Amino acid sequence: MIIPAITAVQGVLVGQVADQDALTGVTVVLTPDGATASVDVRGGAPGTRETDLLNPVNLVQQVHAVVLTGGSAFGLAAATGVVSWLHERGYGFDVGLTKVPIVPAAVIFDLGIGRSDVWPDATMGYAACMAAEAAVAEGSVGAGIGATVGKVGGMATAMRGGVGSWSETLADGVTVGALAVVNAFGDVVDDQGRIIAGARAPDQSLVGTGALLRSGLSRRSFADTTGQNTTIAVVATDARLDKAAATRLAIMAQDGLARAIRPAHSPFDGDTVFALATGVYEAPPLVTLGAVAADVLATAIMRAVQAATAAAGVPAARDR
């Protein structure tokens, strides 16, 4: 069964590739015909590329892909392969002499699982574009293959994160979708606030990050996870928005991240949400789009950990 993923938004495709041994990979959200774009960065440890140009005051209005990748800062090289794939096919911002594909990117830190000396590169980014399709695999795939959550005690307390996606189509035909790569310091919770995946006690019970922090856990206990976490996401709609409205859409979508991850936007996370608008339909009120974007992003985050599989000694939610 094909889930209502971010690719239900007209003009959006998703490609994913991963290294099964190194446990790192790339997820690319392709909008080759262009999408108005912006970004909202809330985490204290982001790793990004081409985010300044998404500011509404800057010239370029549209992007042609967003790359979500493992490998920490090394993995930003994957965006070069996406640029090459788009350029070969004539997509990009027309500067007269040529067309320059605009490809923002964000990374997760996945070097603590699998291998720390292998990371996504331009070849992997190109391969992700070649794999782009409407079906979106979830769980331990693409950029989420090495994702983990609940790392307040390092990998000893962690569980698997992953990739998740969801979408909703409104009564007027406009669709809002989200795709998330979940690699959080904190826990992922359901709609009732119950922990789905997060920090484990020695007896494997889900004690939760909040409880461990409140217990007076020493700063040294989680020092090794500093800067090693991040949830990166894309929300997309086929409504027509300008960059200022896309910025507000990304900001409102962050509320979904904060509902599904506790704590969110920590000093150790690089939480980043991109917003894309492919411009097929007249936009409903922005408050409607933003409210739905928060909902679908929260659902995508929950689905990411629910679909993940255990690896490298790190358990997954489905194994409990």
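From a predicted model like this one, the values you see are computed outputs, not experimental measurements. (Residues numbered from 1 in each chain as written. Predicted model: local features only at pLDDT ≥ 70, side-chain atom pairs only at ≥ 80, totals over all residues. Heavy atoms only, no water.)

Novice: Kindly report on the sheet that holds strand β12 (residues 187–189), identifying the contributing residues and their values.
Specialist: Strand order in the open sheet formed by 3 strands is β13-β12-β15, with antiparallel pairing between adjacent strands. Each having just a single partner strand, β13 (195–197) and β15 (261–262) make up the two edges of the open sheet. Looking at chain direction, β12 and β15 are connected through 2 bridges and run antiparallel. Within the sheet, the bridge partner assigned to V188 lies in β15 and is I261. (Pairing = 2+ DSSP bridges. Helix = DSSP H or I, 4+ residues; strand = E, 2+ residues; numbered from the N terminus.)

Novice: Any chance you could break down helix α1 (residues 78–88) for me, citing the residues and the numbers?
Specialist: One full turn of an α-helix is made of 3.6 residues, so residues set three or four places apart face in the same direction. Within α1, the full set of buried residues consists of A78, A79, G81, V82, V83, W85 and L86. Downstream of α1 by a residue or two, G90 has a phi angle that is positive, lying close to 85°. (Buried < 20%, exposed > 50% of the residue type's maximum accessible area, 1.4 Å probe, protein only.)

Novice: Which residues make up the side chain of D190, and what values go with them?
Specialist: Tracing the sequence through the fold places D190 in the loop between β12 and β13. Judged by relative accessible area, which is 16%, D190 ranks as buried. Polar contacts involving the side chain of D190 include one to the side chain of R194, which spans 2.8 Å. Excluding anything up to four places from it in sequence, D190 contacts I196 and M302. (Polar contact = N/O pair within 3.5 Å; in protein donor to acceptor, adjacent residues only side chain to side chain. Contact = heavy atoms within 4.5 Å.)

Novice: For the nonpolar core, give the residues involved together with the corresponding values.
Specialist: In terms of nonpolar packing, the biggest core is built from 39 residues, with V182, V188, L297 and I301 touching the most fellow members. Listing elements by their share of this core, those giving two or more residues are β11 (175–183), β13, β14 (230–239), α4 (243–260), β16 (272–281) and α5 (286–306). Ranked by residue count, the leading element in this core is α5, at 11 residues. Leave out the neighbours within four places in its chain, and V182 touches A147, T148, V149, G161, G162, V188, T230, T231, I261, I301, A304 and V305. A35, I102, V234 and L276 belong to the second largest nonpolar core, which has 31 residues in total. (Core = buried A, V, L, I, M, F, W, Y, C linked by side-chain atoms within 4.5 Å.)

Novice: I'd like to hear about the packing of aromatic side chains, residue by residue, with values.
Specialist: Evaluated as defined, the whole model comprises 2 aromatic pairs. Consider the rings of F74 and W119, whose centres lie 3.9 Å apart with planes at 15°: the pair is stacked. Here F74 is found in the loop between β4 (62–69) and α1, whereas its partner W119 is found in the loop between β7 (105–107) and α2 (122–130), with 45 residues between them in sequence. Judged by relative accessible area, which is 30%, W119 ranks as partly exposed. (Phe/Tyr/Trp six-rings, centres within 6.5 Å; stacked < 30°, edge-to-face > 60°.)

Novice: Can you explain the side chain of T175? Please cite residues and give values.
Specialist: You can see T175 is positioned in strand β11. With sequence-adjacent residues up to four places away left out, T175 is seen in contact with A8, V9, S167, E168, T169, A236, T237 and D238.

Novice: So what's going on with a nonpolar patch on the surface? Which residues, and what values?
Specialist: Where nonpolar side chains cluster on the molecular surface, the patch consists of L59, F93, V95, L97 and V100 and spans about 520 Å² of accessible area. Following the sequence through the fold, F93 ends up in strand β5 (residues 93–94). (Patch = residues over 30% accessible without salt bridge, like charges linked within 9 Å, V, L, I, M, F, W, Y side chains within 5 Å. Areas by Shrake-Rupley, 256 points an atom, 1.4 Å probe, with all protein chains shown as cover. Salt bridge = Lys/Arg side-chain N within 4 Å of Asp/Glu carboxyl O.)

Novice: I'd love a proper account of the environment of I251, names of residues and values included.
Specialist: Within the fold, I251 resides in helix α4. Separated by 157 residues in the primary sequence, I251 and D94 place their C-alpha atoms 29 Å from one another. In this view, I251 contacts D40 and R42; residues no more than four positions away in its chain are not counted.

Novice: Which residues make up the environment of A294, and what values go with them?
Specialist: Inspection of the secondary structure puts A294 in helix α5. The class for A294 is buried, based on a relative accessible area of 4%. Separated by 213 residues in the primary sequence, A294 and G81 place their C-alpha atoms 31 Å from one another. Contacts of A294, omitting those with residues within four sequence positions, involve M252, A253, D255, G256 and R259.

Novice: Before we move on, can you summarise the packing of α1 against α2 with the specific residues and values?
Specialist: Close contact between α1 and α2 brings their axes to 6 Å; oriented N to C, the two are set at 50°. It follows from the interaxial angle that α1 and α2 lie oblique. Regarding α1 and α2, the two cross each other, and that crossing is right-handed. When α1 is examined against α2, the residues A78, T80, G81, V82, S84, W85 and E88 are found in contact with a partner set consisting of A122, G125, Y126, C129 and M130. Residue composition of the contact of α1 with α2, by class: 7 nonpolar, 4 polar and 1 charged. (Axes fitted to C-alpha atoms, helices over the stretch in contact; angles between N-to-C directions. Parallel < 35°, antiparallel > 145°, perpendicular 65-115°, else oblique. Left-handed = near helix turned anticlockwise from the far one by under 90°. Nonpolar A, V, L, I, M, F, W, Y, C, P; charged D, E, K, R; others polar.)

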